[in-house]
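# Structure assessment
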Amino acid sequence: MALIWLDGELRDADSARVSVFDHGLTVGDGVFETIKTEEGRPFALTRHLDRLAVSAAGLGLPAPDLDDVRRACAAVVKALPLPLGRLRVTYTGGVGPLGSDRGQAPPTLVVAHVEGARLPESTAVVTVPWTRNERGALTGLKTTSYAENVIALARARKSAASEALFGNTAGHLCEGTGSNVFVVIDGELHTPPLSSGCLAGVTRALVVEWSGAKETELPLGALREADEIFLTSTARDVQAVRRVDDRELPGAPGPVTAEALRVFRERSAADIDP
């Protein structure tokens, strides 16, 4: 049985309960990270925890004790060793009033470990009519306020797609509900810059570093012209896109995508915490 780390100790799933007054539940006042594990080892844990701290600071939450978070991650992975797993670290404002004001309670920390799954080498995506606000208060933060993504992903599922892609308020390509997007144009690899409003994805950053992608402001229409498109995320690593809306990309993954995936697999296998 999986054991859940909740506020300083391991509990079984039936007894791991968060208060109904927790601000992460009532108003989405929380941040989180999802971390891949392979053979009991978390991948890129330092980068993920650094981003957790950045997100918490952006919300105005007390700084998480990252040593405590590491201990919690190690405890739940040890309690449920898996060949391929996903760690979910959730850090919220704790018990608070039924409104936007925070209370005086300490933050809540929950860490869970569940089985992961290998995804297919290519997928379909759709674009959605809603936009990311590149100047919003939550821009660039990985928060538990995820309803916008839930709605967009449900729309994608209705079109037999696994991801929905957003533009921003300026009409530029931004990101997916839980992924970053890369495009190949005239043989060059591009991804939207952080100024577009996209999340600073851990896998995104590694692909930029390892494959030399350019951070480029792109119109949303670039998806109609790109020779290749791929997504990056903790769950996907590097995943080719074979269809965008009604546009098919035959032969996906193309050569640039295949090389990015090869390099990612090689480099990540050589260093579990790059």
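Up top is the structure these notes are about.
I will try to describe carefully the structure that is included in this document. (Residues numbered from 1 in each chain as written. Predicted model: local features only at pLDDT ≥ 70, side-chain atom pairs only at ≥ 80, totals over all residues. Heavy atoms only, no water.)

### Let's talk about the sheet that holds strand S3 (residues 30-38)
- Here we have six strands laid out as an open sheet, ordered S2-S1-S6-S5-S3-S4, and antiparallel in their pairing. Taken across any chain shown, the strands that pair with only one partner, and hence form the sheet edges, are strand S2 (9-12) and strand S4 (41-42).
- Both strand S5 (residues 84-92) and strand S6 (residues 108-115) contribute to a ladder of eight bridges, which runs antiparallel. Bridging across to S6, Gly85 finds its partner in Glu115.
- The strands that helix H2 (residues 45-59) touches are S3, S4 and S5; relative to S3, the one it contacts most, it runs at about 175°. (Pairing = 2+ DSSP bridges. Helix = DSSP H or I, 4+ residues; strand = E, 2+ residues; numbered from the N terminus. Contact = heavy atoms within 4.5 Å. Axes fitted to C-alpha atoms, helices over the stretch in contact; angles between N-to-C directions.)

### Side note on the packing of helix H5 (residues 202-211) against helix H7 (residues 255-270)
- At a closest axis distance of 10 Å, the pairing of H5 and H7 adopts a crossing angle of 105°. Here H7 runs roughly perpendicular to H5, going by the angle between their axes. In this structure, H5 contributes Thr203, Leu206, Val207, Trp210 and Ser211 to the contact, and H7 contributes Ala260, Val263, Phe264, Arg267 and Ser268.
- The class makeup of the residues in the contact of H5 with H7 is six nonpolar, three polar and one charged. (Parallel < 35°, antiparallel > 145°, perpendicular 65-115°, else oblique. Nonpolar A, V, L, I, M, F, W, Y, C, P; charged D, E, K, R; others polar.)

### Thoughts on H5
- Here H5 lies mainly inside the structure; seven of its 10 residues are buried.
- Turning to H5, its buried residues are Val202, Thr203, Arg204, Leu206, Val207, Val208 and Trp210.
- Once H5 ends, the next one or two residues include Gly212, with phi positive near 70°. (Buried < 20%, exposed > 50% of the residue type's maximum accessible area, 1.4 Å probe, protein only.)

### Notes on the pairing of strand S8 (residues 163-168)
- Extensive coverage of S8 is indicated by the burial of six of its six residues.
- Of the two faces of S8, both are covered, the one formed by Glu163, Leu165 and Gly167 as well as the one formed by Ala164, Phe166 and Asn168.
- Remark: the strand S7 (residues 122-132)/helix H4 (residues 147-158)/S8 crossover connection has right-handed handedness.
- Note: S8 against strand S9 (residues 173-176), three bridges, orientation antiparallel. (Right-handed = clockwise from strand over helix to strand, strands pointing away.)

### As for the environment of Leu84
- Following the sequence through the fold, Leu84 ends up in strand S5.
- Judged by relative accessible area, which is 12%, Leu84 ranks as buried.
- Sequence separation between Leu84 and Val54 is 30 residues, and the spatial gap between their C-alpha atoms is 27 Å.
- Residues contacting Leu84, with those up to four places away along its chain left out, are Lys36, Thr37, Glu38, Glu115, Gly116, Ala117 and Arg118.

In short, the description is geometric, and any link to function would need to be established separately.
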